[in-house]
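What follows is the residue order along each chain.
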Amino acid sequence: MSSPIGVFDSGSGGLTVLQALQTALPQQDFLYFGDHQRAPYGEKAGPEVYEMTRQAVQFLFDQGCTLVILACNTASAIALRKLQQEWLPLYAPEKRILGVLVPMVETITDRPWIKWEQHPQQYLKGTVGIFATEATVKSKTYLVEIGKRAPQLDVIQLACPALVPALEAKKDTATTDALVEGYVGQLVEENNKVPNWIMLGCTHYPLLKKAFEKAAAKIIGNIMGQGVPILCQPSICADSLIDYLKRHPELVQKTPELMGRTKYFTSGCPDYVEKTTAIFNPIPPSKPASKTTWIKQVISEY
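Figured I'd write up the structure that's included with this text.

Conventions and cut-offs
- Residues numbered from 1 in each chain as written.
- Predicted model: local features only at pLDDT ≥ 70, side-chain atom pairs only at ≥ 80, totals over all residues.
- Heavy atoms only, no water.
- Pairing = 2+ DSSP bridges.
- Helix = DSSP H or I, 4+ residues; strand = E, 2+ residues; numbered from the N terminus.
- Axes fitted to C-alpha atoms, helices over the stretch in contact; angles between N-to-C directions.
- Contact = heavy atoms within 4.5 Å.
- Phe/Tyr/Trp six-rings, centres within 6.5 Å; stacked < 30°, edge-to-face > 60°.
- Lys NZ or Arg CZ within 6 Å of the ring centre and 35° of its normal.
- Expected span 1.5 Å × (residues − 1).
- Buried < 20%, exposed > 50% of the residue type's maximum accessible area, 1.4 Å probe, protein only.
- Parallel < 35°, antiparallel > 145°, perpendicular 65-115°, else oblique.
- Left-handed = near helix turned anticlockwise from the far one by under 90°.
- Nonpolar A, V, L, I, M, F, W, Y, C, P; charged D, E, K, R; others polar.
- 1 Å grid on protein atoms, 1.4 Å probe; cavity = no way out; pocket = protein on both sides within 12 Å on 5 of 7 lines; lining within 4 Å.
- Points joined across faces, edges and corners; volume = space filled by probe spheres on them.

**Let's talk about the sheet that holds strand E2 (residues 30-34)**
Part 1 of the argument: Reading across from one edge, E4-E3-E1-E2-E9-E10 is the order of the 6 strands in this open sheet, with parallel pairing throughout. Looking at the sheet topology across the chains shown, the edges are occupied by strand E4 (96-99) and strand E10 (294-296). Looking at each pair of strands side by side, their axes are set apart by 25 degrees on average, direction ignored.
Part 2 of the argument: By the bridge criterion, 5 bridges tie strand E1 (residues 5-9) to E2 in an arrangement that is parallel. Its bridge partner lying in E2, Val7 is registered against Tyr32.
Part 3 of the argument: Contacting E1, E2, strand E3 (67-70), strand E9 (262-266) and E10, helix H1 (residues 14-24) runs over the sheet at an angle of about 175 degrees to E2.
Part 4 of the argument: Those strands touched by helix H12 (residues 233-247) are E1, E3 and E4, and its axis lies near 155 degrees from that of E3.

Dropping the structure here:
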């Protein structure tokens, strides 16, 4: 594979981002690595998340990737900045690491990540409700970064520890709908506020977008008398990556060898991962006949 883009997640949620990237860049090669053996990251301490993320990024760099996307909110919130500022300049200064957090913050605040200090968003008001993992919420990264760029915007957060296990256990729709409704109600009750926007801060949660829409209509719509936009990361990240590659075309070589192929790596059991990831449908619609084969990778060696 020539100059593939690496996509990393602590488990399988990043497949929602990968699918959006495959759709947006159909001729691009990708390498996906899911650290299923050590998932979930959302319950782990910051230093541990950083080191596991660093190992995964190094593995993808060693496979020939010049650009790696952290398709994991926990890794993006806790490890991305330190990797970019401290590790990358020493280990691989010519390569780049991006994350799912930045495009979402830029979308919410309508401000570019780098140049926001010149023109912070002073007039955007309202409340953003963020549903995410425990580690992402505890990191307060979204609170801080949104607050810098849109200080008048109120941000409320809630950790949803039961959602990912329910999805991966393939619980029925009634069960997941009830869980989501409970979390939406909890967010409103605990903060005594209703969000004007809802942000799904975990890459598993796009699978529950309809459940969030129903819950928001039932709980928040009755209060506000209008629908609540649900912001999902896959499409936002895909649009952001296309824009980024236009500004940095040197990171991905356009060669005849690029054929829109994807290799899937896991630190877990390939057979088990193949069964549990069926809910994500990672195969692009344009390739209905292709088969996802997971390759075992012992990441602890890195």
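**Some thoughts on the sheet that holds strand E7 (residues 197-201)**
Part 1 of the argument: The 4 strands are arranged E6-E5-E7-E8 in an open sheet whose pairing can be described as parallel. Looking at the sheet topology across the chains shown, the edges are occupied by strand E6 (153-159) and strand E8 (230-231).
Part 2 of the argument: Sheet analysis places strand E5 (residues 126-132) next to E7, joined by 5 bridges and oriented parallel. Paired with Ala132 across the strands is Gly201, a residue of E7.

**Structural notes on the packing of aromatic side chains**
Part 1 of the argument: Within this structure, the stated rule accounts for 11 aromatic pairs.
Part 2 of the argument: Ring centres of Tyr205 and Phe212 lie 6.2 Å apart, and the angle between their planes is 35 degrees; on these two criteria the pair is classed as tilted.
Part 3 of the argument: Clustering of aromatic rings is evident, with ring pairs tying together Phe8, Phe33, Tyr41, Phe59 and Phe265.
Part 4 of the argument: Sitting above the plane of the Tyr50 ring, Lys82 keeps its charged end 4.5 Å from the centroid.

**Quick word on H12**
Part 1 of the argument: Between its terminal C-alpha atoms H12 stretches 21 Å, which fits the 21 Å expected from 15 residues at 1.5 Å a residue.
Part 2 of the argument: Along H12, the residues that are buried comprise Gln233, Pro234, Ile236, Cys237, Ala238, Leu241, Tyr244 and Leu245.

**Some remarks on the packing of helix H5 (residues 101-109) against helix H7 (residues 141-149)**
Part 1 of the argument: The geometry of H5 relative to H7 is characterised by a closest axis approach of 10 Å and an angle of 40 degrees between their N-to-C directions. Of the possible angle classes, the one that applies to H5 and H7 is oblique. You can see that H5 and H7 cross each other, and the crossing is right-handed. Only Thr141, Tyr142, Glu145, Ile146 and Arg149 of H7 make contact with H5, whose side of the interface consists of Leu101, Met104, Val105, Ile108 and Thr109.
Part 2 of the argument: When grouped by side-chain class, the residues that make up the contact of H5 with H7 number 6 nonpolar, 2 polar and 2 charged.

**Concerning the pairing of E7**
Part 1 of the argument: Here E7 lies mainly inside the structure; 4 of its 5 residues are buried.
Part 2 of the argument: Pairing geometry for E7 and E8, over 2 bridges, is parallel. Within E8, the position partnered with Met199 by the bridge is Leu231.

**Focus on the layout of surface pockets**
Part 1 of the argument: Space inside the second largest pocket adds up to approximately 540 Å³.
Part 2 of the argument: As for the second largest pocket, its lining consists of 30 residues, and the residues nearest its centre are Ala39, Pro40, Val164, Glu168 and His204.
Part 3 of the argument: Among the elements of the structure, helix H3 (73-78), helix H8 (163-168) and helix H13 (270-276) are those that each provide at least two residues to the lining of the second largest pocket.

**What to know about the environment of Leu18**
Part 1 of the argument: Residue position: Leu18 is located in helix H1.
Part 2 of the argument: As for Leu18 and Ala71, which are separated by 53 residues in sequence, their C-alpha atoms are 7.9 Å apart.
Part 3 of the argument: Leaving out residues up to four positions away in the same chain, Leu18 has contacts with Val7, Phe30, Tyr32, Thr262 and Tyr264.

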